[in-house]
Amino acid sequence: MKVTIDGIEIEVEPGTTVLQAARMIGGDVVPPAMCYYSKLKDTGGNCRACLVEVSKGSEADPRPMPKMMPSCKTGVMDGMEIKVKTSDRALDARKAVTEFLLINHPLDCPVCDQAGECDLQNLSFKHGLGKTRFKEEKRTFEPENIGDKIQLHMNRCILCYRCVHTAEQVCGSRNHGVMNRGDHAQISTYISASIDHEMSGNMIDVCPVGALTDKTFRFKSRVWFNKPFNAHRNCDKCCGKTTVWMFGNEIQRVTARKDEYHEVEEFICNECRFDHKEVSDWVIEGPRKFEKFSVINQNNYTRKMDNVTIHTEKQILEGRDQDRKKISMTEVPYKNAENS
């Protein structure tokens, strides 16, 4: 069957959703997705960030759909026409969803480990408002300890349910879920139990915000200061194919490899993720590339950077030599208290 998205026609198989068809085309026609995850079953339909306008239902029934439709849950029909970036209604709806997601989300990007690779940060950058209209007090939750490897920060959670699906489908069992209802709903363990399954670290990778972060990497460094490399090792628990994030010769964290939509290519075990932080543990394949709009990519070391030359006096750019010597400290001889 044929479907047209923003004037681009593509042939797809029956059962394909609008979001999947858009990803086949790629580029700017792909709606953002905060809850849908192609590697997990029964995801999507929660965040409403992927709303699109269906201007033509099908060849059999060409009437447009009166409401905005979630592209992750809407199956395509032969002759369907969809507007993503060319629809003012879709863009306005996306802005409204972004504003709704940010109502209770704390603006703590300067201290959040997810900053730089946060889907909500990217969504807010493209569709967010410059200021908030929400005057009430933000919803807050008490800190909860769910284990020695994963940090839960419920104030940042957007209830996408990805971690719940990961525990059920990847780990095989779970002892956490969504408790309570409405604005009291929260991710929590039922009896204050810790999450210690050998595949539980994948919940960190699937989380689109900073609600679940790596305790072994917490506050060590900003992600854009690290250099990511593809690496692998022989592992009897998982594929062993990972991305190692290095600062100098130190591996500061290990994650699963992700595609251009920030989805894990293959899930990895906790042993690979947390227990192997030595360079000698891995076979380094080469540098990892990112999509062009990534914050991490702004410090891209894989491309050739042109030197910038500013024609001016040396003193204006670097200051006086004697001052630079004092500031560096390494070139200043040490004096003890008796001689100083």
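Because the structure is a prediction, the values reported are computed rather than measured.

Chemist: I tried to follow the overall build of the chain on my own but got confused; where do I start?
Modeler: Counting its regular elements, the chain contains eight helices and 14 strands. Sorting the 340 residues of the chain into buried and exposed places 46% on the buried side. Intrachain contacts of the chain at a sequence separation of at least 6 include 62% that bridge at least 24 residues. Summed over all atoms, the accessible surface of the chain reaches about 19500 Å², with 50% contributed by carbon and sulfur.

Chemist: Got a minute to help me understand the packing of helix α2 (residues 88-101) against helix α3 (residues 119-127) in this structure?
Modeler: Angle between the axes and distance between the axes: these two values describe a pair of packed helices. Between α2 and α3, whose axes approach to 10 Å, the crossing angle comes to 130°. Relative to α3, the element α2 lies oblique. Relative to α3, the crossing made by α2 is left-handed. Across from Leu91, Arg94, Lys95, Thr98 and Leu101 in α2, the residues of α3 making contact are Leu120, Leu123, Ser124 and His127. Split by residue class, the contact of α2 with α3 holds four nonpolar, three polar and two charged.

Chemist: It is not clear to me how the side chain of Ser58 should be interpreted in this structure. Could you clarify?
Modeler: Mapping Ser58 onto the fold places it in the loop between β3 (51-56) and β4 (69-70). Separated by 3.4 Å, the side chain of Ser58 and the backbone nitrogen of Ala60 make a polar contact. Not counting chain neighbours up to four residues away, the residues in contact with Ser58 comprise Met77, Asp78, Gly79 and Met80.

Chemist: Got a minute to help me understand unusual backbone geometry in this structure?
Modeler: Trans peptide bonds make up most of the peptide bonds, and negative phi angles are found at most residues other than glycine. Backbone geometry places Asp6, a non-glycine residue, at a positive phi of 50°. Phi is positive for Tyr161, close to 70°, though the residue is something other than glycine. The residue Tyr161 is located in the loop between β7 (150-152) and α4 (162-171) in this model.

Chemist: Please explain the sheet that holds strand β12 (residues 241-247) as it appears in this structure.
Modeler: Strand pairing in a sheet relies on backbone hydrogen bonds, with the paired strands running either antiparallel or parallel. Strand order in this open sheet of four strands is β13-β12-β11-β14, and the pairing throughout is antiparallel. Where the open sheet ends on each side, the last strands, each with one partner, are β13 (250-256) and β14 (283-287). Averaged over neighbouring strand pairs, the angle between their axes works out to 35° when direction is ignored. In the sheet, strand β11 (residues 227-232) pairs with β14 via four bridges, with the strands oriented antiparallel. What sits directly across from His232, in β14, is Val283.

Quick notes on the rules
- Residues numbered from 1 in each chain as written.
- Predicted model: local features only at pLDDT ≥ 70, side-chain atom pairs only at ≥ 80, totals over all residues.
- Heavy atoms only, no water.
- Helix = DSSP H or I, 4+ residues; strand = E, 2+ residues; numbered from the N terminus.
- Buried < 20%, exposed > 50% of the residue type's maximum accessible area, 1.4 Å probe, protein only.
- Contact = heavy atoms within 4.5 Å.
- Areas by Shrake-Rupley, 256 points an atom, 1.4 Å probe, with all protein chains shown as cover.
- Axes fitted to C-alpha atoms, helices over the stretch in contact; angles between N-to-C directions.
- Parallel < 35°, antiparallel > 145°, perpendicular 65-115°, else oblique.
- Left-handed = near helix turned anticlockwise from the far one by under 90°.
- Nonpolar A, V, L, I, M, F, W, Y, C, P; charged D, E, K, R; others polar.
- Polar contact = N/O pair within 3.5 Å; in protein donor to acceptor, adjacent residues only side chain to side chain.
- Pairing = 2+ DSSP bridges.

Purely spatial values, then, with no claim about function.
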